[in-house]
Amino acid sequence: MDEFRERIRNKKRIVVKIGSSSLTHKETGDMDYIRMEKLVRELSNIRNQGKEVILVTSGAIAAGKNAVNLNNIRVDSQAESLAVKQACAAVGQARLMMTYQKLFAEYNQVAAQILMTKNTIVDNLNRYNAHNTFSELLKMGVIPVVNENDTVATYEIEIGDNDTLSAIVAALVEADLLILLSDIDGLYTDDPRTNPDARFIERVEELTEDLMEMGKATTGSSMGTGGMNTKLMAAQIATNSNADMVIANSRDIGVLHRILAGKNEGTLFVAHKNENFDLPLFVKGLHMK
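In this text the structure is predicted, and so the values were computed from the model without any measurement.

Draft legend 1. Fine view of the packing of helix α4 (residues 60–67) against helix α5 (residues 82–106). The geometry of α4 relative to α5 is characterised by a closest axis approach of 6 Å and an angle of 100° between their N-to-C directions. What the angle tells us is that α4 and α5 run roughly perpendicular. Residues A60, I61, A63, G64, K65 and A67 of α4 form the contact with α5, whose own contacting residues are K85, C88, A89, V91, G92, Q93, R95 and L96. Taken together, the residues of the contact of α4 with α5 sort by class into eight nonpolar, three polar and three charged.

Draft legend 2. Spotlight on the pattern of salt bridges. What the rule picks out here adds up to 13 salt bridges. Across the salt bridge formed by E265 and R258, the nearest N and O atoms sit 2.7 Å from each other. Of the residues examined, R258 reaches a relative accessible area of 25% and is grouped as partly exposed.

Draft legend 3. Representation of the sheet that holds strand β5 (residues 177–182) in the model. Strand order in this open sheet of eight strands is β3-β4-β2-β1-β5-β9-β10-β8, and the pairing throughout is mixed. Each edge of the open sheet carries a strand with a single partner, namely β3 (111–116) and β8 (203–204). The pairing of β3 with strand β4 (residues 143–148) spans six bridges and is parallel. Following the sheet pairing, I114 is matched in β4 by V146. Running at roughly 155° to strand β2 (residues 52–57), helix α3 (residues 33–48) makes contact with β1 (13–18), β2, β4 and β5 of the sheet.

Draft legend 4. Region of interest: the pairing of β5. Where burial is concerned, most of β5 is hidden: six out of the six residues are buried. The alternating pattern of β5 places L177, I179 and L181 and L178, L180 and S182 on opposite faces, both of which are buried. Direction of pairing for β1 relative to β5: parallel, over a ladder of five bridges. Bridge pairing in β5 links I18 to L181. Sheet analysis places β5 next to strand β9 (residues 244–249), joined by six bridges and oriented parallel. Bridge pairing in β9 places S182 opposite N249.

Draft legend 5. How the structure looks around α5. Given a rise of 1.5 Å per residue, 25 residues ought to cover 36 Å, and the 36 Å separating the end C-alpha atoms of α5 matches this to within 8%. Residues V84, Q86, C88, A89, G92, Q93, L96, M97, T99, Y100, L103 and F104 constitute the buried set of α5. With its phi angle positive at about 60°, N108 sits one or two positions after the end of α5.

Draft legend 6. Molecular detail of the side chain of T239. Mapping T239 onto the fold places it in helix α10 (residues 228–240). Taking the relative accessible area as the measure of exposure, T239 reaches 2% and is therefore buried. For T239, the side chain forms a polar contact with the main-chain oxygen of A235, separated by 2.6 Å. Ignoring any residue separated from it by four or fewer positions in sequence, one finds T239 in contact with L207, F269, V270, A271, H272 and K273.

Draft legend 7. Fine view of the pairing of β4. The element β4 is extensively covered by neighbouring structure, given that six of its six residues are classed as buried. Judged by which residues are buried, β4 turns out to be covered on both faces: I143, V145 and N147 on one side and P144, V146 and E148 on the other are all buried. Here β2 pairs with β4 via two bridges, running parallel. Considered in β4, the bridge of V56 is made with V146.

Draft legend 8. Region of interest: the nonpolar core. Of all hydrophobic cores here, the largest spans 46 residues; its most connected members are V15, M116, F134, V146, V169, M245 and F269. Tallying contributions element by element places helix α8 (residues 162–172) first for this core, with seven residues. For F269, the contacting residues outside a window of four places in its chain are L187, V204, L207, L232, A235, T239, D244, M245 and I247. If you look at the next biggest cluster of nonpolar residues, it comprises 36 residues, including I18, L23, M31 and M97.

Draft legend 9. Spatial organisation of the confidence of the model for the chain. Confidence along the chain averages 89 in pLDDT terms, with 91% of residues attaining 70 or more. Confidence, expressed as mean pLDDT per element, reaches its minimum in the chain at helix α9 (residues 209–214) with 79 and its maximum at β1 with 98. Scored below 50 in pLDDT, residues 218–226 shows 20 contacts in the model against residues more than four places distant or in partner chains.

Here is what the cut-offs are and how they apply
- Residues numbered from 1 in each chain as written.
- Predicted model: local features only at pLDDT ≥ 70, side-chain atom pairs only at ≥ 80, totals over all residues.
- Heavy atoms only, no water.
- Axes fitted to C-alpha atoms, helices over the stretch in contact; angles between N-to-C directions.
- Helix = DSSP H or I, 4+ residues; strand = E, 2+ residues; numbered from the N terminus.
- Parallel < 35°, antiparallel > 145°, perpendicular 65-115°, else oblique.
- Contact = heavy atoms within 4.5 Å.
- Nonpolar A, V, L, I, M, F, W, Y, C, P; charged D, E, K, R; others polar.
- Salt bridge = Lys/Arg side-chain N within 4 Å of Asp/Glu carboxyl O.
- Buried < 20%, exposed > 50% of the residue type's maximum accessible area, 1.4 Å probe, protein only.
- Pairing = 2+ DSSP bridges.
- Expected span 1.5 Å × (residues − 1).
- Polar contact = N/O pair within 3.5 Å; in protein donor to acceptor, adjacent residues only side chain to side chain.
- Core = buried A, V, L, I, M, F, W, Y, C linked by side-chain atoms within 4.5 Å.
- pLDDT = per-residue confidence, 0-100.

Below, the structure is given as structure tokens:
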């Protein structure tokens, strides 16, 4: 076991992010309860080891669309308008949280909901209060379940994707590990779906400009919002804030305990604290060209 993977075993405060495509059935867009149940069991087990854990979850809009039978509406239709998305998020977030509450209760864990926008971080008082809320919840042994507040977020105040949101949460709570569960195994030298010669990268010790450029391709999922570009941006936020980050495939949720046991799973981005990294300033600049 290499020293970087060995260090993961001692991580105490862990943020785990899971995307929409990992939580829903491709055929119907409905929630994949078996996958959710396995995720909750893994997180509860991490909690039982005395570690603190925060879940950043997608799935509100997908759950809402399914609940009000909008799954098969075309992309260019009214269903993609902001108001409809926000209405679906309002329905779906309640359903999503209800499911998580029930599943966590099965394992004697208490879950709490936190919904965020850019303003949560950019505004000093909001950020201070959010930090205190997270700290208190973790002290109580509660598992915070975080999502973007899609019901009120507009382009100006949205974070935009949960890869970035999870890294922002990791920075805010001073987590020492961020795990992104996605529909890909990790970082490759090129898109493995189109290039059979693409090489898997096990560890990234420095985020070079070349790497950041390489990430500007999209994932194969129509359900999620984050491609490799957003994952590399997340790595930038996390590693600058002194958190290691791992991208791993959510095909097998058991990958979580293997990562925490120091096994060689996914791509590991090594933390290197940057004293000049300003989280509010970074978040304020999101979407600005």
